[in-house]
Amino acid sequence: MRNLFPEFNKPTTKGFKKLWTQAIFVFDTNVLLSLYRIPQQAREKMISVLKELQKQNRIWIPHQVATEFYRRRPDVIHTQEKSHNEVIRLLDKAEQEISKKFDAKDILKKIKGSCKVIRTEIEKSKKRDCDWLKKDKIETELNKIFQNKIGVIFDSAKLNEVYKTGQERYEKEIPPGYEDKKKDKEDKTGTRKFGDLIIWFQIIEQAKTDKKPVILVTDEQKEDWWWKINGTTTIGPRYELRKEIKEQAGVEFYMYQSEQFMKHAGEYLKVKFDSKLIEQVKKSKEDLMQSQDDLSVSSADNTGLNEQVKIVIDPVGGNNLGTSENSLSSDTKKVDDNQVEGGNK
């Protein structure tokens, strides 16, 4: 029975080993952009893994991923600087308010000293992580890694075909991409909502040529990619996706969140990520989502200052400030040790 419905069943332990040994790894736009936000040690480690996969000729990205990376990269970098400046503003405001309402000079002196230390750290972090538009070491590394590892662009005729097919699929809520229908409000062309679908079709086209399993590493959270129960418990990739690529390209397909990829890279790729570092990466996505909420309050409200400062002073070595796209939902439940918040083993 299971043989007739493989898309509904997780691979066996042997199946996962084969998958990780043979698969081509595809990295989504949000994972590449997260390199600008995650702690420095995690960033360096992740880039080292990408380099290793490149040496093994087992890495590739769709043309649409590369397009979205370059289109969104300036905004991500700018948001980094904006977030640093906002934290400094909140810190200054908090220090002023405390000085007005508290008159214990010895304690105030300690508070001002602490604020000075924090402000210095923020400025160091800003100088280190907000100058990417002038000298972008991350883009330089990615450019080398994905040299000749980017898929072909869809021409106008092919894109029009995708748009037409996408409209029909979205009406029937066939994954992936249908949850991006809301992008029509921000996009006059009415085509940006098909970005995920273009990525998916480009993955399938490449799989037809490579004839190898595909592992997609993505920080996407939406249900048009993940099979979820009650919107919280994640089973794994949408079974429709696994079935579609199997039928069209004859290959297996699986997906991982970035922190889960890091975890299992140690087991299957022999690239060890420190467990604390993995947790830091996971938590950074949650903190970044919270920091966005905190930054939206009025200028007179210092709520969330502690969270902002906590993010800046990164204990692992690096900075987590920025905008978190598709940030990890804190209420997503574990269903399996191999694929937490995004699948199963």
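None of the values given here were measured: they were computed from a predicted structure.

Calculation notes
- Residues numbered from 1 in each chain as written.
- Predicted model: local features only at pLDDT ≥ 70, side-chain atom pairs only at ≥ 80, totals over all residues.
- Heavy atoms only, no water.
- Helix = DSSP H or I, 4+ residues; strand = E, 2+ residues; numbered from the N terminus.
- Buried < 20%, exposed > 50% of the residue type's maximum accessible area, 1.4 Å probe, protein only.
- Contact = heavy atoms within 4.5 Å.
- Core = buried A, V, L, I, M, F, W, Y, C linked by side-chain atoms within 4.5 Å.
- Phe/Tyr/Trp six-rings, centres within 6.5 Å; stacked < 30°, edge-to-face > 60°.
- Arc of directions from axis to C-beta.
- Pairing = 2+ DSSP bridges.
- Axes fitted to C-alpha atoms, helices over the stretch in contact; angles between N-to-C directions.
- 1 Å grid on protein atoms, 1.4 Å probe; cavity = no way out; pocket = protein on both sides within 12 Å on 5 of 7 lines; lining within 4 Å.
- Points joined across faces, edges and corners; volume = space filled by probe spheres on them.
- Nonpolar A, V, L, I, M, F, W, Y, C, P; charged D, E, K, R; others polar.
- Parallel < 35°, antiparallel > 145°, perpendicular 65-115°, else oblique.
- Left-handed = near helix turned anticlockwise from the far one by under 90°.

Engineer: Hey, could you run me through the overall build of the protein in this one?
Structural biologist: Counting secondary structure elements, the protein contains twelve helices and six strands. Here the protein, with 345 residues, has 50% of them falling under the buried criterion. Counting only contacts in the protein whose residues sit at least 6 apart along the sequence, the fraction spanning at least 24 positions is 80%.

Engineer: Whenever I open this one, the nonpolar core confuses me. Can you help?
Structural biologist: Note that soluble globular proteins tend to have their nonpolar side chains buried in a common cluster. Counting 69 residues, the largest nonpolar core has Trp-20, Phe-27, Trp-200, Ile-203, Ile-245 and Phe-261 as the members making the most contacts within it. Top element by residues in this core is helix α8 (residues 195-210). It accounts for eight residues. With residues near it in sequence (within four places) discarded, Phe-27 still touches Leu-32, Met-46, Leu-50, Leu-53, Ile-59, Trp-60, Ile-61, Val-65, Val-217 and Phe-261. Core analysis: the second largest hydrophobic core is formed by six residues, Ile-88, Leu-91, Cys-115 and Ile-118 among them.

Engineer: Even after reading the chapter, I still don't get the packing of aromatic side chains, so can you show me in this structure?
Structural biologist: For any pair of aromatic rings, the description rests on two quantities: the centre-to-centre distance and the angle between the ring planes. All told, the structure shown has 18 aromatic pairs when counted by the stated rule. Each ring, one from Phe-8 and one from Tyr-239, has its centre 4.4 Å from the other, and the planes form 35°; the classification is tilted. You can see Phe-8 sitting in the segment before α1 (13-22) and its partner Tyr-239 sitting in helix α9 (residues 239-249), a full 231 residues away along the chain. We classify Tyr-239 as partly exposed; its relative accessible area is 26%. Aromatic pair Trp-227 and Tyr-239: ring centres 5.0 Å apart, planes at 80°, arrangement edge-to-face.

Engineer: Whenever I open this one, α1 confuses me. Can you help?
Structural biologist: For an α-helix, 3.6 residues make a turn, and residues three or four places apart therefore share a direction. The set of residues buried in α1 consists of Phe-16, Leu-19 and Trp-20. Seen from one end, α1 has its buried residues packed into an arc of 90°, which puts them on one side. Away from the buried face of α1 by more than 90 degrees, exposed residues Lys-14, Lys-17, Lys-18 and Thr-21 are located. Check the buried side of α1 and you find it contacts β1 (24-27), β3 (214-217), β6 (253-256) and α10 (258-268).

Engineer: What is the right way to read the sheet that holds strand β2 (residues 59-60) from this model?
Structural biologist: Hydrogen bonds along the backbone pair up the strands of a sheet, which may run parallel or antiparallel. What the four strands build is an open sheet, ordered β2-β1-β3-β6; its pairing is parallel. Strands at the two margins of the open sheet, each flanked by one partner only, are β2 and β6. In terms of strand pairing, β1 meets β2 through two bridges, oriented parallel. By the bridge assignment, Phe-25 is partnered in β2 with Ile-59. Strands in contact with helix α3 (residues 40-55) are β1 and β2; relative to β1, the strand with the most contacts, it is inclined by about 140°. α10 rests against β1, β3 and β6 of the sheet, and its axis sits at about 105° to β6.

Engineer: Any chance you could explain empty space enclosed by the protein here in plain terms?
Structural biologist: In this approach a probe as big as a water molecule rolls over the atoms, and the regions it shows empty are the leftover space. Here the structure, examined in full by the defined rule, presents two cavities of 30 Å³ or more. Taken as a whole, the second largest cavity spans an internal volume of roughly 40 Å³. Every residue along the wall of the second largest cavity is listed here: Ile-24, Val-26, Trp-60, Ile-203, Gln-206, Ala-207, Asp-210, Lys-212 and Val-214. Those elements that provide at least two residues to the lining of the second largest cavity are β1 and α8. Per element, the largest residue contribution to the lining of the second largest cavity is four residues, and it comes from α8. Here the lining of the second largest cavity is composed, by residue class, of six nonpolar, one polar and two charged.

Engineer: Any chance you could explain the packing of α3 against helix α6 (residues 137-145) here in plain terms?
Structural biologist: Angle between the axes and distance between the axes are the two parameters that describe a pair of packed helices. Here α3 crosses α6 at 15°, and the two axes come no closer than 10 Å. By the criterion of interaxial angle, the relationship of α3 to α6 is roughly parallel. Like other packed secondary-structure pairs, α3 and α6 cross with a definite hand, here left-handed. Facing α3, whose interface residues are Arg-43, Ile-47, Leu-50, Lys-51 and Gln-54, α6 presents Ile-138, Glu-141, Leu-142, Lys-144 and Ile-145. Here the contact of α3 with α6 is built from residues that sort into five nonpolar, one polar and four charged.

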